[in-house]
Amino acid sequence: GAVVSQHPSRVICKSGTSVKIECRSLDFQATTMFWYRQFPKKSLMLMATSNEGSKATYEQGVEKDKFLINHASLTLSTLTVTSAHPEDSSFYICSARRSTAEKLFFGSGTQLSVL
Amino acid sequence: KNQVEQSPQSLIILEGKNCTLQCNYTVSPFSNLRWYKQDTGRGPVSLTIMTFSENTKSNGRYTATLDADTKQSSLHITASQLSDSASYICVVKSRDDYKLSFGAGTTVTVRA
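Along each chain, residues carry numbers from 1 onward, in the same order as the chain's sequence is written. Working convention: letters from A go to chains and numbers from 1 go to ligands, in the order in which they are written. Where totals are concerned, whole chains, interfaces and linings use all residues; where local detail is concerned, this predicted model gives features only for residues with pLDDT of at least 70, and gives and counts side-chain atom pairs only at 80 or more. With hydrogens and water set aside, each side-chain value is computed from the structure's full complement of heavy atoms.

1. Topic: the state of the cysteines
Heads up, the rule is: Note on terminology: disulfide denotes any pair of cysteine sulfur atoms within 2.5 Å. Secondary structure elements are defined from DSSP: runs of H or I of at least 4 residues count as helices, runs of E of at least 2 residues count as strands, and each element is numbered from the N terminus. Residue exposure (1.4 Å probe, protein chains only): buried if accessible area is under 20% of the type maximum, exposed if over 50%, otherwise partly exposed.
What the rule picks out here adds up to two disulfides over all chains. The residue that forms a disulfide with Cys 23 of chain A is Cys 94 of chain A, at a sulfur-sulfur distance of 2.0 Å. On the S-S bond that ties Cys 23 of chain A to Cys 94 of chain A, the torsion sits near 80°, and the link is right-handed. With Cys 23 of chain A in strand S3 (residues 19–25) and Cys 94 of chain A in strand S9 (residues 90–97), this pair connects stretches of sequence that are 71 residues apart. The residues Cys 23 of chain A and Cys 94 of chain A share a single accessibility class, namely buried. Covalent S-S linkage joins Cys 23 of chain B and Cys 90 of chain B, the inter-sulfur distance amounting to 2.0 Å. Judged by the torsion about the S-S bond (-70°), the Cys 23 of chain B/Cys 90 of chain B disulfide is left-handed. One end of the pair, Cys 23 of chain B, is in strand S3 (residues 19–25); the other, Cys 90 of chain B, is in strand S9 (residues 86–94), and 67 residues separate them in sequence. Of the two residues examined, Cys 23 of chain B and Cys 90 of chain B, each falls in the buried class. Cys 19 of chain B carries a free sulfur, and the closest cysteine sulfur to it, the one in Cys 90 of chain B, is 15 Å from it.

2. Notes on the interface of chain A and chain B
The figure often quoted for interface size is the accessible area lost as the parts come together. Under the convention used in this document: Throughout, a contact is declared for two residues whenever any of their heavy atoms are within 4.5 Å. We define buried area as the total accessible area lost by two parts upon association, computed with a 1.4 Å probe and summed across both. The rule for a salt bridge is simple: a side-chain nitrogen of Lys or Arg has to be within 4 Å of a carboxyl oxygen of Asp or Glu. Gly is put with the polar residues, along with every residue not named as nonpolar or charged; the nonpolar set is Ala, Val, Leu, Ile, Met, Phe, Trp, Tyr, Cys and Pro, and the charged set is Asp, Glu, Lys and Arg.
Counting residues at the interface gives 19 residues for chain A and 16 residues for chain B. For the pair chain A and chain B, the two sides together bury roughly 1,300 Å², of which 55% comes from carbon and sulfur. The interface formed by chain A and chain B holds zero salt bridges in total. Of all the elements in the fold, those that place two or more residues in the side of chain A that touches chain B are strand S4 (32–38) and S9 of chain A. Ranked by residues supplied to the side of chain A that touches chain B, first place goes to S9 of chain A with three residues. Its residues assigned to classes, the side of chain A that touches chain B shows seven nonpolar, six polar and six charged.

3. Let's talk about empty space enclosed by the protein
Our working definition: A cavity, in this analysis, means grid points on a 1 Å lattice covering only the protein atoms where a 1.4 Å probe fits yet has no way out; a pocket is instead an open set bounded by protein on both sides within 12 Å along at least five of seven lines, and a residue lines either one if it has an atom within 4 Å of a point. Grid points are joined across faces, edges and corners, and a volume is the space filled by probe spheres set on the points.
What the rule picks out here adds up to one cavity of 30 Å³ or more. Quantified by volume, the largest cavity comes out at close to 80 Å³. Contributing to the lining of the largest cavity are Arg 97, Glu 102, Lys 103 and Leu 104 of chain A together with Asn 32, Arg 34, Tyr 36, Val 91, Lys 93 and Leu 100 of chain B. When residues of the lining of the largest cavity are assigned to their parent elements, the largest contribution, three residues, is made by strand S4 (residues 30–38) of chain B. When grouped by side-chain class, the residues that make up the lining of the largest cavity number four nonpolar, one polar and five charged.

Structural data, given as C-alpha cells:
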C-alpha cells in the first residue's frame, strides 16, 4: 500500500522557536495533503488542506500565520509552527491522497513538545 | 453539522475475547465510512471502508457493519490479541464536499 512518511516523529523545542514538520508521499503523487492536530484521547482535528502549487485552505480558528503550510511538490508538504508556545504542544498528523475519490493515507505523526 | 459519535469511549477486555465498538453519524449526504486503528503515538491505519450499499466487510479478525438507514456502524474484534490495544476511529466522508468527519475514537485495552 501507499506510504506517507512524516518527520520528525518527536521534537522538543524552546518557546519562541519555529519547528518544521515534513510529510512525504513515498510511492505516489499526492495532489492533496491534510494536516491535523490531535490532543490526548481526542479525535483528529483538521487544521488545513493543501493542494500542490496553491495556498493552503485553513479551517476556522486556525491561524495561518502561526501554522505555515507549504506544498511545493506532489510528494512533499511541510507544516511550520512559528514562534511555538507551550499551548502548541500536541500530536500533529498529516495525510495524503491522489484525488478526491482516493483512499487517504496517514503519516505516523509528530509529537511536538514546547518547553 | 456533520457529527460522528463513538461508544464506548474506552473498554478493557481479556485476551481472546470479542468486543464491539459503535459509531453513529449524522453526515449527509453519505459517501463512505472507514474504521481506522491508531496505535499510541502513531498515525491512523485504515482497517475497512464501507460504501452505502455495503452491510458488512471483514479484514482478518475485524468485521465492520453498516446500516445506512439508521446511520450506524459497528466494528467487531474477534478473538482479541494484545496487539489489538489501540484507539479505533470511525471516519465518515461526505459526498457533498468530500470532507471527513472524525469520531473521538474508542480506546481498546487488551489484557493477558
